[in-house]
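Residue-level structural notes
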Amino acid sequence: MDGPTTSTFEVRSPVDGRLLAEVADFAPAQVAEAVTTLRTAQPAWEALGPKGRARWMRRLRDWLLDEAEHLADVLQAESGKPRAEAQLEAPWMAELINYFADHAREFLADERVGSSGLLSATKRMVKVHRPYPVVGVISPWNYPLAMPGMDVIPALLAGSAVLLKPSEVTPLSALELARGWREIGAPPVLAVATGSAPAGQALVDVVDFVQFTGSTGTGRLVAHRAVDRLVPYSLELGGKDPAIVLADADLDRAVAGVAWGALFNSGQACVSIERVYVEDSIHDSFVSRLTTLVDGLRHGEEKTPYAVDTAAMATMAQRNLVHRHVTEALASGARALTGGRPTGVGTGYRPTVLVDVDHSMTCIREETFGPTIPVIRVADADEAVRLANDSSYGLSATIWTRDLARGQSIARRLDVGAVNINDAYANLFALTLPHGGWKTSGSGARFGGAHGLRKYTRQQAITTPRFPTLEREPAWFPYSRRRAQLTRHLFHAVAARDLRRRIPRIVRSRRWPGARSG
Ligand code: NDP
């Protein structure tokens, strides 16, 4: 049995390896203990109701906005991303709070439902959304504040207590979120269990609902464990998002959008553009402009804010994976028109445009999660759709065309959870839309209006009599022939949809089936 531990692990800068902090490495027993404490606090949190909880969330929003610069410092230090990107996460969390706090009462309101027929006509019926007591959130390292926040905030608003297990690579922003929660004086329904895979496993073993964001491989392990316990789970997993650039695209926008969609956060995003299919007639011109743009990006260590466009990757392991995909592609005949190698400083990798790529290469088949843009020439939209769908992943896609109606019709042929026309990432900022992957990119969805909160709740059905009640119902004990027949005929009369089956039943009612002769 695991006992309490005082173990810690180091958090280091991916840029220069300097030590940023030492944080607790939660042992399984400590994870269980944290959940026990959260369970004690959760009923009072649930009892506050959506309005009361929204008040606390709005205080957290104000804290996030007041601390935005400091939070950007922390998440930039642990992830190595450029300032222009680091500074977006806190205000994005604040906006997420606004949406769900403003709609929590509506989304979680009891729902009066009508009767389904005569058998329930004497009842008043209501559907109640009751939270899972403790939600476990497991998050990755690519958006150290936003990734945890996107799940923690709706789960808290739904009335659950939350135990968050951030990635061991970037735990400091999650700890900041917990600090904010404490500093506003909110009830103790949010805790952070820092640690590595064993802490995540231990969390799955004790919570009532698992919200996991991370790789498809780990998601599968998490799902197996959750199924063993019969607890529900929702998985946001990896992707290999295609971009389809049609011959009629606004080329300037398509080039700029594909470059940003592929290289934002050094390509370390689930919805990053990871393969580009370009119609033959514009392929060469698209590639040439894309290469010029990517070549001109400022890349490297950010000594002063906004001095670079792309920066370090979050881990050396991720940088090495990217380089493996690139070198395997080059060895199989692809060409890097720009980039194609590490910078040699920390975890940096040069933004890379690859051409002469085919569909068997790892840079097309596997998630790269890095700053690469493999481009494939296609004859027409049909070929682009066929190749885009030729993937085990199905997170999202982009289509670049001036013909918006055609773009929409092509979108409906793609096997992915979201399609953005002439834009990248757009669906992520639309909280009224679902964000969820198809195929091996996920199970369940993150947002999508009311579902974003209701996914953390169980539906409870409550019936109440509408009229004064009898001493006992005809179907109750003790059974007698007369009352059993009455019940039987009532059920038949209710179920039948024509007179012959309703009335003759009543006429035949005098006959007991067992007494039938001949
Ligand atoms: P991982 O799957 O490696 O890790 C995700 C989280 O799970 C981390 O906190 C990790 O801890 C934890 N973990 C690792 N092993 C286990 C386990 N056996 N049981 C429970 N938890 C475990 O993903 P990365 O952190 O490497 O993130 C990158 C991946 O996340 C990419 O595939 C990307 O596509 C995906 N992703 C998907 C998103 C989406 O919305 N669809 C959004 C963002 C990322 P630790 O790090 O400490 O080992």
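Cut-offs applied
Residues numbered from 1 in each chain as written. Predicted model: local features only at pLDDT ≥ 70, side-chain atom pairs only at ≥ 80, totals over all residues. Heavy atoms only, no water. Helix = DSSP H or I, 4+ residues; strand = E, 2+ residues; numbered from the N terminus. Buried < 20%, exposed > 50% of the residue type's maximum accessible area, 1.4 Å probe, protein only. Lys, Arg positive; Asp, Glu negative; His and termini not counted. Charge placed at Lys NZ, Arg CZ, Asp CG, Glu CD. Axes fitted to C-alpha atoms, helices over the stretch in contact; angles between N-to-C directions. Parallel < 35°, antiparallel > 145°, perpendicular 65-115°, else oblique. Left-handed = near helix turned anticlockwise from the far one by under 90°. Contact = heavy atoms within 4.5 Å. Salt bridge = Lys/Arg side-chain N within 4 Å of Asp/Glu carboxyl O. Core = buried A, V, L, I, M, F, W, Y, C linked by side-chain atoms within 4.5 Å. Domains from an automatic or database assignment. Pairing = 2+ DSSP bridges. Patch = residues over 30% accessible without salt bridge, like charges linked within 9 Å, V, L, I, M, F, W, Y side chains within 5 Å. Areas by Shrake-Rupley, 256 points an atom, 1.4 Å probe, with all protein chains shown as cover. Near = heavy atom within 4 Å. Polar contact = N/O pair within 3.5 Å; in protein donor to acceptor, adjacent residues only side chain to side chain. Nonpolar A, V, L, I, M, F, W, Y, C, P; charged D, E, K, R; others polar. Disulfide = S-S within 2.5 Å. Phe/Tyr/Trp six-rings, centres within 6.5 Å; stacked < 30°, edge-to-face > 60°.

A few points about the overall build of the protein
Along its length, the protein carries 18 helices and 20 strands. Reported as C-alpha extents along the three principal axes, the dimensions of the protein are approximately 90 × 60 × 40 Å. Across the 518 residues of the protein, 53% fall into the buried class. Positive and negative side-chain charges of the protein, numbering 61 and 55 respectively, have mean locations separated by a distance of 16 Å.

Topic: the packing of helix 5 (residues 89–108) against helix 6 (residues 146–158)
Relative to each other, helix 5 and helix 6 sit at 20°, their axes nearing to 9 Å. Regarding the angle of helix 5 to helix 6, the classification is roughly parallel. Considering the relative orientation of helix 5 and helix 6, their crossing is right-handed. Seen from helix 5, the contacting residues are E89, W92, M93, L96, I97, F100, A101, A104 and L108; seen from helix 6, they are A146, G149, M150, I153, P154, L157 and A158.

Structural notes on the pattern of salt bridges
For the coordinates displayed, the defined rule picks out 30 salt bridges. Between E183 and R179 there is a salt bridge; the shortest N-O distance is 2.7 Å. Pair noted here: E183 and R179 are both in helix 7 (residues 172–183), with a separation of four residues, about one helical turn. Among the residues examined, E183 registers a relative accessible area of 48% and is labelled partly exposed. E383 serves as the salt-bridge partner of R386, at 3.9 Å between the closest nitrogen and oxygen. Highlighted residues: R386 and E383, both in helix 14 (residues 381–389), separated by three residues, approximately one helical turn. Given a relative accessible area of 52%, R386 falls into the exposed group. For E383, a relative accessible area of 23% translates into the label partly exposed. Overlapping salt bridges bring together E67, E176, R179 and E183 as one network.

Looking at the nonpolar core
In terms of nonpolar packing, the biggest core is built from 110 residues, with W181, V245, V276 and F286 touching the most fellow members. Two domains each provide a minimum of three residues to this core, namely domain 1 (28–237 + 450–459) and domain 2 (241–430). Every residue in contact with V276, bar those within four places of it in the chain, is listed here: A243, V245, V258, F286, I373, P374, V375 and I376. In terms of nonpolar packing, the next biggest core, distinct from the first, is built from 27 residues, I244, I364, I376 and A411 among them.

Focus on the pairing of strand 14 (residues 372–378)
Counting buried positions along strand 14 yields six of seven residues, so the element is predominantly enclosed. As paired strands, strand 11 (residues 273–279) and strand 14 are joined by four bridges and run parallel to one another. Looking across to strand 14, one finds that E279 is bridged to V378. Summarising the sheet, strand 13 (residues 352–355) and strand 14 pair through three bridges and their orientation is parallel. In the strand pairing of strand 14, L354 is matched with P374.

Concerning a nonpolar patch on the surface
Residues L119, L490 and F491 make up a contiguous nonpolar surface patch of about 310 Å² in total accessible area. The residue L490 is located in helix 17 (residues 481–495) in this model.

Examining the site of the ligand
The local shell around the ligand holds 31 residues, among which S139, K165, S215, L237 and E367 are the closest. Taking R446, its side chain carries an N or O atom lying 3.3 Å from an oxygen atom of the ligand. Protein chains bury 90% of the 900 Å² of accessible surface belonging to the ligand in isolation. Looking at the shell around the ligand, the elements that each hand over two or more residues are helix 8 (197–204), strand 8 (209–213) and helix 9 (216–229). Across the shell around the ligand, the residue classes tally to 12 nonpolar, 14 polar and five charged. A domain-level breakdown of the shell around the ligand finds at least three residues from each of domain 1 (28–237 + 450–459) and domain 2 (241–430).

Considering the state of the cysteines
Summed over the entire model, instances satisfying the criterion amount to zero disulfides. The thiol of C270 is not disulfide-bonded; the next cysteine sulfur, from C363, is found 20 Å away.

A look at the domain arrangement of the protein
Entries for the protein in the domain assignment read domain 1 (28–237 + 450–459), domain 2 (241–430) and domain 3 (470–518). Spacing between the C-alpha centres of domain 2 and domain 3 amounts to 69 Å.

Concerning the packing of aromatic side chains
Here the structure, examined in full by the defined rule, presents 13 aromatic pairs. Between Y99 and F100, the aromatic rings sit 4.9 Å apart at their centres with planes inclined by 70°, giving edge-to-face as the arrangement. Overall, the relative accessible area of 12% leaves Y99 in the buried class. On the basis of an interplanar angle of 25° and a centroid distance of 6.2 Å, the ring pair of Y143 and F264 is categorised as stacked.

Considerations on the environment of V308
Inspection of the secondary structure assignment puts V308 in the loop between helix 11 (280–295) and helix 12 (316–331). On the basis of relative accessible area, V308 is assigned to the buried category, the value being 8%. Here V308 is in contact with P82, R298, H299, G300, E301 and E302, once residues within four sequence places are set aside.

Notes on the sheet that holds strand 7 (residues 190–192)
Overall, mixed pairing links the six strands, which are arranged 7-6-5-8-9-19 in an open sheet. For this open sheet the edge positions go to strand 7 and strand 19 (442–443), each flanked by a neighbour on one side alone. By the bridge criterion, two bridges tie strand 9 (residues 233–236) to strand 19 in an arrangement that is antiparallel. Residue pairing across strands places E236 opposite G442, the latter belonging to strand 19. Against the sheet, helix 1 (residues 28–47) engages strand 5 (134–138), strand 6 (161–165) and strand 7, with an angle of about 155° to strand 6. Contacts between helix 8 and the sheet are confined to strand 5, strand 6 and strand 8, with strand 5 contributing the most and set at about 155° to the helix.

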